[in-house]
Structure formats: C-alpha cells, structure tokens
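Here are the chains, one letter per residue:
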Amino acid sequence: MGKKGKKEKKGRGAEKTAAKMEKKVSKRSRKEEEDLEALIAHFQTLDARKTQVVETPCSPPSPRLNASLSTHPEKDELILFGGEYFNGQKTFLYNELYVYNIRKDSWTKVEIPNPPPRRCAHQAVVVPQGGGQLWIFGGEFASPDGEQFYHYKDLWVLHLATKTWEQVRSPGGPSGRSGHRMVAWKRQLILFGGFHESTRDYIYYNDVYAFNLDTFTWSKLSPSGTGPTPRSGCQMTITPQGNIIIYGGYSKQRVRKDVDRGTQHSDMFLLKAEDGSKGKWSWTRINPSGAKPTPRSGFSVAVAPNHQTLLFGGVCDEEEEESLEGDFLNDLHFYDPIRNRWFAGQLKGPKAEKRRRRRGRKAEPGGADKQAAKGPSAQEPLEVVREVVSEDGTVVTIKQVLAAPGVAGQLESDDDDGPEEAGVAPVEPSPRSNAMLAVKHGRLYLYGGMFEAGDRQVTLSDLYCLDLHKMEEWMVLVETDPEEHPSVAPGELFADYLPRTEQHWLRCARDSVGPGAPERRVLRAAQALAQAFYDGSAGRWTEGGAVPCGLK
C-alpha cells in the first residue's frame, strides 16, 4: 500500500508540474500568438478573394518540408498540402494544395475557396466516407524571421468529391500543437503527442484524443498502464488487430538556463482498446526483435503492404555543449506488427543485374560463387561520410551508404548493358529528414525533405518511387528543381564528377555561406551541395539539368 501511495503521489506531482509548465508556456506565448494572428488574418483576407475552384496544370511544387502527402482513396492521385521553406533568411509557410496524377505523371494546383491558414507540421488523414475526405488538425505558423510560432488547434476537412473545405468546430479538443501524430481508427481519428513552443519556453505532450467522425465530437482518452513519455515526431500506425503502435520520436528538456538537451526516443508502445469496454484503452510497452533502426528524429513513416510499417531516413544528432553533429540517413526499415519484428529494407537491384549473376553462376565451376561471395573481393556497401564545419564550430556529418563498385572480372555477361554500368551507384534519394511519404498500389512515393550543410538548411523538391513488392530500385519521377548546373554524365561516379565540376560548386557554396567564410567551410559546403545534386541526378540527367545555386 505504501509503495502504491508513493507512485500515485509521484504521478499527481508530475501532472501538477506539467500543468504549471503548460500555463507558463501559454502565458508567455499569448503575446507572440497575438502578433502572428494579425499576419495570419492578412493571409486569410487574401485567400478570401478566391470564390471558385480553379485547377491549373503546373510544374512540380517548390521545395518544402513538413507538408502532408496523402493518397486519394478512390483515384490514382497523391495530395500534397502545406509545408514550409527556409531560404537562409526568411521562412515561408504554405496552404497550397497540389494533386499528382500517378498515371499521367502530372501535377495540378487546386485552388479552393476558404482553405485552412498556412501551416506546416500538421497531420492529415484520409478516410473513404462521402467520396473521400482529407482531415487536417493543428500544425504551426512561423514569423518570417522564424523566431515566433503560432500553434493551431483547428480541425478541417477537405471533401474530395466536391472540392470544398470545411472547418469543423467542436469543443474539448487538443490544445494548439505541432509535431503530433494522427491516424484513422474505425470511425474515429486518434491523436497523440506533439509540442507547443514559444520564444523562451516549450512543452511536449503525451496525451491522447479521439474525434468521432459520426458525431463530430472530441473526447480525451485516459488509457491505463504506463505509456510513452511526452514527445513529437513519433511513428503512429494501426496493426492488423486494430491496435495502435507508437515508436520513437523526439523531445527536449531544459537542463539549466538557456541549455536544452534533446532525446531521440527508440521505445515502442501498444495502445489497445479494451474488449467490451467502450472508451477504455490501455498502454503496454513492447520490445520488438530484429534489426532495429538506430535512434533518430525527423524520420518519415508510411504503411506498406501487409500492414507493415515503413520507416525512412531522418537525422541522428549527437549533442555536445558547443556543437551539434548530425548524421542524415536514407535507409529503409520495416516493422512487422504480427511478428513484432524490425528488419532492414534491402533493395535487390535492377533485373539486368540479376540476369548477369544467374548467367555468371552457370559459367562458374560448382561452389565458385559461394567462395567469391565469402571472400574479400565480395561486393559490400560503401559508407561515405562527409563533415561540414560552420564558422561557429558546429559540425554536421552527412552519411550515405552507396553500392560498392563492381568487382573486376567477377562475372561475364552477354547482356546489352555496357561495361560502364559496373560500379554506378544506384538511383536513390539522398540522405534527408522530414520527407513526405505515401503508399499507393504497393508503391512508395517520397517527396522533398531537407538536410544541412554547415549551418545551411537545404530543402529538396524531388519525387521518388519504389515498388515495395519487387524491392528492386528507386525511380526518379521528379528531379531536383533545376537551374544551370553541370550535368552528371551517364555512368559517371561521384569521385569523377566532383573534380570535374568543383569550381562551379565552390561558387555556389560561396553564395550560400556568404562572404568572409573560411575556405575550409566553403570547400565542405561545396562537396555537400555537389553530392546532393549528384544523388538527385544519379546519372540520368541530360545536358542542362540542374538545381538552383545553394539548393535552397
């Protein structure tokens, strides 16, 4: 009894501390939000001028991150909404709506009267009711200098059949936040976590809310058991049994005045509705087996075929007193909820490569293949690590895993593929965080995101596709938005491309980092920009294909 009493007192104390912190954050952020409300109102006045639906064929959307990418429930379309872009000096927020037609490989900008205000880091969920509905909750708006934030607590629905926006006003919902996660569960929307930030304070959440899609009412859930600690940016998906998985995420806490320490969570929890008990839920911590992802933040999530959860990329930060080192990633991981197991997503390579291997095995004496595979000449992935040091001493490490060059004389082939194909790095998205993912007909679509070169944020606008059934290779659907840059020759390795184009990238890097920057910093920034362009090109460019200087 005594131990139980202490736990209960400790729990109540934590609740009181959280309540005090939320009140403190709310008071300090009220003035900021009042300032930003005027700017938001100005943009809404401009949006009010739209009186009819206008659909305009267009080029691919501009670079952005923290947007939402959703699949249409009835059509072969992807729906992109919102997002943000930072050009090094100014922050831009969007409430644009774009539709990508998968079959036609074409983009359309859809302007609909009375849209939600501009935002990023919101959540969007598609449900099939009424010809398809896109539900959006929360997110944030930032001042142009990126120093002030307004966190939304509004709920919107886009009726896809009629192309109309509707704001759904219902009391008792979550407080304003961004970085939360939301899923469709039966005929409800379930929302978890997120954070609220002002200039001087912040608070992370681990509360759970349900929105009923029939009655249009919110309710706050109080699951039993020990659940996740407060966090944002986690994985939240539905299992085949109808339970909800929460994995990972990010949070930070103040260790002393003006010093914060971030935590990249790697724990996993199961949120389960109790059988026969309406509205009662429970938390259980689970420990999956297999090849678990390394701890990271900014990863992207989608639901793959067979109810598996797919996790892509992100950034692994190692914080020190005076520096922040970040490894940007482009790896794939799958979580199988039935087996409670993680496994790494390995690509098989294009069919032509598999044909060469089969024919080579027929030509080799028995057992030669096995010996070659086990010997020191076997092909293994090559890890390329680049460090960028900014003027203030911040170290950013950009890490990418490339396919190893082909082994000379390993196999013979009578395919039409030229010999220059050996050793060419596979087409794949460059390492990044905060990309947008969606799965349609067993194909994974990946759009945009960002990485850092020194203290420079590089925002991407490319679109990739991967057949999750075949798991052979990525396809580039939209290359990084071009301007004049040296193109990558077919079959050219990065080790050859960089020396050939180095002077061009040095000029771009100087434009990016500004005058007076140390030459070492300029050189490393140039290498990072060239690598990102090369990754986006992957040997498929024609003369003149490129990205803007600075890869903004």
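A brief look at the structure comes next. (Residues numbered from 1 in each chain as written. Predicted model: local features only at pLDDT ≥ 70, side-chain atom pairs only at ≥ 80, totals over all residues. Heavy atoms only, no water.)

## Concerning the packing of aromatic side chains
This model, assessed by the stated rule, comprises 28 aromatic pairs. With a centroid separation of 5.3 Å and an interplanar angle of 50°, the aromatic rings of Y335 and W342 are classed as tilted. Feature note: the residues W135, F137, Y209, F211, F216 and W218 constitute an aromatic cluster, connected by ring pairs. Sitting above the plane of the Y152 ring, R119 keeps its charged end 4.0 Å from the centroid. One Lys or Arg, R177, reaches over the ring of Y205 and ends 4.1 Å from the middle of that ring. (Phe/Tyr/Trp six-rings, centres within 6.5 Å; stacked < 30°, edge-to-face > 60°. Lys NZ or Arg CZ within 6 Å of the ring centre and 35° of its normal.)

## Some points on the sheet that holds strand β19 (residues 244-256)
Strand order in the open sheet formed by four strands is β18-β19-β20-β21, and the pairing between neighbours is antiparallel. One side of each edge strand has no neighbouring strand; the edge strands of this open sheet are β18 (235-238) and β21 (281-286). Neighbour-to-neighbour, the strand axes of this sheet turn through a mean angle of 35°, independent of strand direction. Of the strand pairs in this sheet, β18 and β19 are connected by four bridges, and their pairing is antiparallel. Bridging across to β19, Q235 finds its partner in Y247. (Pairing = 2+ DSSP bridges. Helix = DSSP H or I, 4+ residues; strand = E, 2+ residues; numbered from the N terminus. Axes fitted to C-alpha atoms, helices over the stretch in contact; angles between N-to-C directions.)

## Details of the nonpolar core
Counting residues in hydrophobic clusters, the biggest one holds 26 residues, and the most contacted among them are F451, V458, F494, Y497, W505 and A509. Listing elements by their share of this core, those giving two or more residues are β30 (443-453), β31 (456-467), α4 (494-513) and α5 (519-537). Broken down by element, this core gets its largest block of residues, nine residues, from α5. The residues touching F494, leaving out its near neighbours within four places in the chain, are P499, Q527, A530, Q531 and Y534. Among the nonpolar cores identified, the runner-up in size contains 18 residues, and A302, V427, L444 and W474 belong to it. (Core = buried A, V, L, I, M, F, W, Y, C linked by side-chain atoms within 4.5 Å. Buried < 20%, exposed > 50% of the residue type's maximum accessible area, 1.4 Å probe, protein only. Contact = heavy atoms within 4.5 Å.)

## A short note on the pattern of salt bridges
According to the stated counting rule, one finds 17 salt bridges in the structure shown. Measuring nitrogen to oxygen at the nearest pair gives 2.7 Å for the salt bridge that ties R296 to D331. Linking R296 in the loop between β22 (289-290) and β23 (300-303) with D331 in strand β25 (residues 324-336), this pair joins segments that are 35 residues apart in sequence. A residue is classified by how much of its surface remains accessible, and R296, at 2% relative accessible area, is buried. When its relative accessible area of 25% is taken as the criterion, D331 is described as partly exposed. Each member of the salt-bridge network shares a partner with another, and the members are R64, E96 and K109. (Salt bridge = Lys/Arg side-chain N within 4 Å of Asp/Glu carboxyl O.)

## What to know about the sheet that holds strand β15 (residues 188-197)
With respect to topology, four strands assemble into an open sheet ordered β14-β15-β16-β17, the strand pairing being antiparallel. Two strands close off the open sheet at either side, each with one partner strand: β14 (181-185) and β17 (217-221). Across the sheet, the mean angle separating the axes of adjacent strands is 25° when strand polarity is ignored. Summarising the sheet, strand β16 (residues 202-212) and β17 pair through five bridges and their orientation is antiparallel.

## Notes on the side chain of E96
Looking at the element boundaries, E96 is found in the loop between β5 (91-93) and β6 (97-101). Among the polar contacts made by the side chain of E96, one reaches the side chain of Y98 at a distance of 3.3 Å. The residues touching E96, leaving out its near neighbours within four places in the chain, are R64, L80, F81, G82 and K109. (Polar contact = N/O pair within 3.5 Å; in protein donor to acceptor, adjacent residues only side chain to side chain.)

## Some points on unusual backbone geometry
The phi dihedral of F216 is positive, around 55°, even though this residue is not glycine. On the secondary structure map, F216 appears in the loop between β16 and β17. The phi dihedral of M471 is positive, around 50°, even though this residue is not glycine. Within the fold, M471 resides in the loop between β31 and β32 (474-478). Owing to a relative accessible area of 10%, M471 belongs among the buried residues under this scheme.

## Considerations on the environment of N330
Of note, N330 is situated in strand β25. Residue classification places N330 among the buried residues on the basis of a relative accessible area of 13%. As a C-alpha pair, N330 and F299 span 31 residues in sequence and 9.3 Å in three-dimensional space. One polar contact links the side chain of N330 to the main-chain carbonyl oxygen of P429, over a distance of 2.9 Å.

## Thoughts on the pairing of β30
Most of β30 is tucked away: nine of the 11 residues are buried. Direction of pairing for strand β29 (residues 436-440) relative to β30: antiparallel, over a ladder of five bridges. The residue bridging A438 from the neighbouring strand is Y445, located in β30. Counting the residues that bridge the hairpin from β29 to β30 gives two residues, and of these H441 lies at a positive phi of roughly 55°. Note that β30 and β31 share 10 bridges and pair antiparallel. Looking across to β31, one finds that E452 is bridged to Q457.

## Digging into the pairing of β15
Both faces of the sheet carry side chains from a regular strand, because those side chains alternate between them. Taking burial as the measure, the 10 residues of β15 include eight buried ones, the bulk of the element. With five bridges joining them, β14 and β15 adopt antiparallel strand pairing. Bridging across to β15, V183 finds its partner in I190. The hairpin formed by β14 and β15 contains two residues between the paired strands, and K186 there has a positive phi angle of roughly 55°. Of the pairings in the sheet, the one linking β15 to β16 comprises nine bridges and is antiparallel in character. Paired with G194 across the strands is Y205, a residue of β16. Counted along the chain from β15 to the antiparallel partner β16, the turn is four residues long.

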